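Notes for the structure review
Letter by letter, the chains look like this.
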Amino acid sequence: MNDIILAQAAEATEYTGLGAIGYGIATIGPGLGIGILVGKTVEGMARQPEMAGQLRTTMFLGIAFVEALALIGLVAGFLF
């Protein structure tokens, strides 16, 4: 019985670092997304300053959606 428990414990700890590596790689997508989003918003504000308020609101909405995807990736890393 103890052999089975030890085998399960060894198997469970064998892949613990892969979740962290996977999430580290998964953060590249949201990082790029937020970078492009903010950069294009600043570019739009520079081209038409009178639209700055509307562009800023839309940018914050986009950032919220991108961050939601990053949090889903974090939770998925813990689940799998």
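Computed from a predicted structure; not experimentally measured.

Analysis parameters
- In every chain, residue numbers begin from 1 and rise along the written sequence.
- Where local features are concerned, this predicted model is filtered to residues with pLDDT of at least 70; where side-chain atom pairs are given and counted, the filter is 80 or more; whole-chain, interface and lining totals use all residues.
- Water and hydrogen atoms play no part in the side-chain values, which are based on all heavy atoms of the structure.
- Per the convention used, a helix needs a DSSP run of H or I reaching at least four residues, while a strand needs a run of E reaching at least two, with both numbered from the N terminus.
- Throughout, exposure labels follow a simple rule: accessible area from a 1.4 Å probe, protein chains only, divided by the maximum for the residue type, with under 20% read as buried, over 50% as exposed, and the rest as partly exposed.
- Residue exposure ignores everything except the shown protein chains as possible cover, and the areas themselves are Shrake-Rupley values with a 1.4 Å probe.
- Any carboxyl oxygen of Asp or Glu that lies within 4 Å of a side-chain nitrogen of Lys or Arg is treated as forming a salt bridge with it.
- UniProt positions are given in the numbering used here, feature names are shortened, and annotations may be inferred rather than shown by experiment.
- In this description, contact between two residues means that some pair of their heavy atoms is separated by no more than 4.5 Å.
- Helices are assigned an expected span. That span is 1.5 Å times one less than the residue count.
- This arc is built from the directions going out from the helix axis to the C-beta atoms.

Attention now moves to the overall build of the chain. Helix and strand content of the chain: four helices and zero strands. Starting at the N terminus and walking to the C terminus, you meet the elements of the chain as α-α-α-α. Classification of the 80 residues of the chain by burial places 12% in the buried group. Accessible area of the chain: about 6300 Å², with a carbon and sulfur share of 72%.

This brings us to the pattern of salt bridges. Per the counting criterion, the structure on display carries two salt bridges. A salt bridge links Glu-43 to Lys-40; its shortest N-O distance comes to 3.9 Å. Highlighted residues: Glu-43 and Lys-40, both in helix α3 (residues 28–47), separated by three residues, approximately one helical turn. Judged by relative accessible area, Glu-43 falls into the partly exposed class, the value being 36%.

Another aspect to go through is the environment of Val-42. Examined against the element boundaries, Val-42 turns out to sit in helix α3. Sequence separation between Val-42 and Arg-56 is 14 residues, and the spatial gap between their C-alpha atoms is 8.8 Å.

What follows covers the UniProt feature "transmembrane region" (unreviewed entry) in the chain. UniProt's entry tags residues 20–38 and 59–79 with the feature "transmembrane region" (unreviewed entry), counted in the numbering of this structure. For the annotated span residues 20–38, helix accounts for 95% and strand for 0% of the residues, and the straight-line distance between the end C-alpha atoms is 27 Å.

Looking at the element boundaries, Thr-41 is found in helix α3. A relative accessible area of 7% places Thr-41 in the buried class. Discounting residues that sit within four places of it in the chain, Thr-41 has contacts with Leu-55 and Met-59.

Before going further, it helps to spend a moment on the environment of Leu-74. Considering the arrangement of structural elements, one finds Leu-74 in helix α4 (residues 52–79). Judged by relative accessible area, Leu-74 falls into the partly exposed class, the value being 29%. Here the alpha-carbon distance between Leu-74 and Tyr-23, two residues 51 residues apart in the chain, equals 6.3 Å.

So, about α3. Compared with an ideal rise of 1.5 Å per residue, which puts 20 residues at 28 Å, α3 spans 29 Å between its outermost C-alpha atoms and is within 8% of the ideal. What α3 keeps buried is the set Pro-30, Ile-34, Thr-41 and Gly-44. For α3, the buried positions fall inside an angular range of 100° around the axis, keeping them on one side. For α3, exposure combined with an orientation more than 90 degrees from the buried face picks out Ile-28, Leu-32, Ile-36, Lys-40, Ala-46 and Arg-47.

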